[in-house]
Amino acid sequence: MKEPMDPTTITKKYRVLIADDEPIIREGIRDAIDWATLGMEVVGEAEDGEEALERVVDLDVDVVLVDMNMPFLNGIGLIRALQQKCPRCRYLIISGHDEFAYAQEAVRLGVEDYILKPVEAEQLYAALGRLRQRLDEEYQRTAYVRQAADQIERNIPLLRQRFCLEWLEGQIRERDLMEQLTFLRLPSTPPVQIGAVRWPAAEARKTVMRENDRQLFLYAVENIISELLEDRPHVLFRDAGGLIGICLWQEAPEEIAALLEQQISSCLNIAIHAHVEFHTGTLEETPGTYRLCRERVYGEVRLSPLVRRARQLIQEEYAERDLTLESLATRLQVSAVYLSRVLKKELDNSFVTLVTQARIRKAVQLLDSTMLPIHMIAERVGYDTQHYFSTAFKKAMGISPAQYRKDGGTGNRSSITQ
């Protein structure tokens with residue numbers, strides 16, 4: 001791996017242009033100075049201000065020795081023009097006039113030094129030495145800033161993970177949210193889905209599982225999650241206990257949690273619990289949705305494999321007209337009476353209530369994100385008639401689907417997130 005650059009060891013040869021309308025002056029300056037010792041090189045000359053302006057830009061000059069009284073464009077005019085085109089250039093004036101007005105204007109323009117003709121080599125060398133020192137200091141500062149920017153760029157993925165963890169655990173102040181989202185180049189809109197993935201076996205076997213193996217499995221789980229999310233903008237983060245959080249800014253399929261569990265089980269032969277929740281609140285309300293996801297994945301430990309599979313099938317097939325308690329029990333190879341009893345015992349809800357919640361949850365999503373007619377939404381979520389759908393929706397949400405859409409999505413959302 002390449003070692004990071006140390007700005008204190010940087011050496012740079014500065015490029016110099018001599019602008020003076022007298023050839024003998026230009027030649028004298030060029031020959032009188034040991035440019036190599038100063039860490040400089042003369043890359044060009046110009047005999048008037050307009051030529052100097054053009055050559056400074058073309059030759060990428062760092063330092064310009066400027067004669068104040070050149071034709072076409074005098075020294076002050078040249079410096080003003082170059083400040084627009086080459087703001088990092090530095091200037092050293094050589095003038096045959098000891099005029100206060102010139103000196104005053106030169107100071108205002110940030111000229112490094114003002115030397116009167118005839119030029120003494122020692123005086124010019126000393127002035128160039130001081131200028132070289134200031135350029136080195138500036139170049140070093142720039143190098144440090146560039147190195148810091150490069151370091152930040154390399155660490156952006158880690159910084160995003162740390163930010164999302166602190167944000168969803170409620171540790172980021174509201175007034176800092178937008179600033180940090182912008183800095184990390186994350187969307188400024190609230191995530192559309194929040195999720196949590198838990199591997200209970202790793203927690204139970206922490207004392208006997210090698211930490212290296214545990215980390216490798218968690219890393220593999222994260223890779224599978226990212227693959228299933230494809231190119232959707234998202235951030236995965238991990239808390240101290242190994243719980244993996246998901247922050248998603250583009251909607252994934254509603255059955256994504258079930259897909260995650262199936263794929264991870266198939267690829268890694270481990271059982272994980274996943275829960276993904278739609279987030280319809282503000283940026284500041286996002287931690288609340290994450291808390292709900294955490295509660296769900298930690299609550300999964302109480303559920304039997306039968307109930308978890310039954311709930312998964314309901315979430316996947318709620319829109320099927322022929323989904324009944326009996327058909328579900330047949331697929332799970334248990335009696336309808338037994339299935340009904342364990343659903344009520346472990347989820348505190350009946351089969352009908354679970355199907356209704358899944359249907360209303362999807363209906364709310366369609367009402368929020370589409371302009372589909374209500375009768376089409378009713379069909380998509382599994383209802384035979386708009387009337388039956390509207391009755392069920394009003395019972396769950398407290399208002400009709402039409403009123404919900406008209407009011408911009410207000411209602412009793414808690415009834416569909418249980």
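Residues numbered from 1 in each chain as written. Predicted model: local features only at pLDDT ≥ 70, side-chain atom pairs only at ≥ 80, totals over all residues. Heavy atoms only, no water.

Student: I'd love a proper account of the overall build of the protein, names of residues and values included.
Tutor: Looking only at helices and strands, the protein features 18 helices and 9 strands. Counting the 418 residues in the protein, one finds 43% classified as buried. For the protein, the exposed surface amounts to about 22,400 Å²; the carbon and sulfur share of it is 51%. (Helix = DSSP H or I, 4+ residues; strand = E, 2+ residues; numbered from the N terminus. Buried < 20%, exposed > 50% of the residue type's maximum accessible area, 1.4 Å probe, protein only. Areas by Shrake-Rupley, 256 points an atom, 1.4 Å probe, with all protein chains shown as cover.)

Student: How would you sum up the sheet that holds strand S4 (residues 90-95)? Please name residues and give values.
Tutor: Note: strands within a sheet are paired through backbone hydrogen bonds, in either parallel or antiparallel orientation. Strand order in this open sheet of 5 strands is S2-S1-S3-S4-S5, and the pairing throughout is parallel. On the outer flanks of this sheet lie strand S2 (40-46) and strand S5 (113-116), each paired with one strand and no other. Put simply, the sheet's adjacent strands are angled 20° from each other on average, direction ignored. Bridging between S4 and S5 involves 4 bridges; their strand directions are parallel. Looking at S5, one finds that serine 95 is bridged to leucine 116. Lying on the sheet, helix H3 (residues 49-59) is in contact with strand S1 (14-19), S2 and strand S3 (63-67); it crosses S2 at an angle near 140°. Packed onto the sheet, helix H4 (residues 75-85) meets S3 and S4 and runs at close to 155° relative to S3. (Pairing = 2+ DSSP bridges. Axes fitted to C-alpha atoms, helices over the stretch in contact; angles between N-to-C directions. Contact = heavy atoms within 4.5 Å.)

Student: Explain a nonpolar patch on the surface to me, using residue names and the numbers behind them.
Tutor: The grouping of Ile152, Leu159 and Phe183 at the surface amounts to a nonpolar patch, some 240 Å² of accessible area in total. By the element assignment, phenylalanine 183 lies in helix H7 (residues 174-183). For phenylalanine 183, a relative accessible area of 45% translates into the label partly exposed. (Patch = residues over 30% accessible without salt bridge, like charges linked within 9 Å, V, L, I, M, F, W, Y side chains within 5 Å. Salt bridge = Lys/Arg side-chain N within 4 Å of Asp/Glu carboxyl O.)

Student: Which residues make up the sheet that holds strand S9 (residues 273-278), and what values go with them?
Tutor: Spatially, 4 strands are ordered S7-S8-S6-S9 in an open sheet, and the strand pairing comes out antiparallel. Of all strands in the sheet, those bounded by a partner on one side alone are strand S7 (234-238) and S9. The average angle at which neighbouring strand axes cross in this sheet is 15°, direction not considered. Relative to S9, strand S6 (residues 193-198) is paired through 6 bridges, and the arrangement is antiparallel. Paired with glycine 195 across the bridge in S9 is valine 276. Sitting on the sheet, helix H6 (residues 121-168) touches S6, S7 and strand S8 (244-248), and the angle it makes with S7 is about 75°. Against the sheet, helix H9 (residues 211-229) contacts S6, S7 and S8, and its axis sits at roughly 165° relative to S7.

Student: An account of the pairing of S7 is requested, with residue identities and associated values reported.
Tutor: Pairing analysis gives 5 bridges linking S7 to S8, with the strands arranged antiparallel. Each residue of the ladder has a partner; that of valine 235, found in S8, is cysteine 247. Hairpin remark: S7 followed by S8, antiparallel, with 5 residues in the connecting loop; positive phi at glycine 242, about 95°.

Student: Pulling in residues and values, what's your account of the UniProt feature "modified residue: 4-aspartylphosphate" (unreviewed entry) in the protein?
Tutor: Taking the UniProt record as the reference, the feature "modified residue: 4-aspartylphosphate" (unreviewed entry) is found at Asp67. Structurally, aspartate 67 is set in strand S3. Residue classification places aspartate 67 among the buried positions, given a relative accessible area of 3%. With residues near it in sequence (within four places) discarded, aspartate 67 still touches Ala19, Asp20, Asp21, Gly75, Ile94 and Lys117. (UniProt positions renumbered as here; feature names shortened; annotations may be inferred.)

Student: Give a description of the side chain of arginine 308 that names residues and reports values.
Tutor: By secondary structure assignment, the location of arginine 308 is in helix H12 (residues 305-317). Looking at arginine 308, the relative accessible area reads 18%, which means it is buried. Only 2.9 Å separates the side chain of arginine 308 from the side chain of glutamate 261, close enough to count as a polar contact. (Polar contact = N/O pair within 3.5 Å; in protein donor to acceptor, adjacent residues only side chain to side chain.)

Student: Run through the pattern of salt bridges, naming residues and quoting values.
Tutor: Within this structure, the stated rule accounts for 18 salt bridges. Two residues, arginine 90 and glutamate 138, come together in a salt bridge whose shortest N-O distance is 2.9 Å. Taken together, the residues span a long stretch of sequence, with arginine 90 in strand S4 and glutamate 138 in helix H6 at a distance of 48 residues. Exposure remark for arginine 90: the relative accessible area of 17% places this residue in the buried category.

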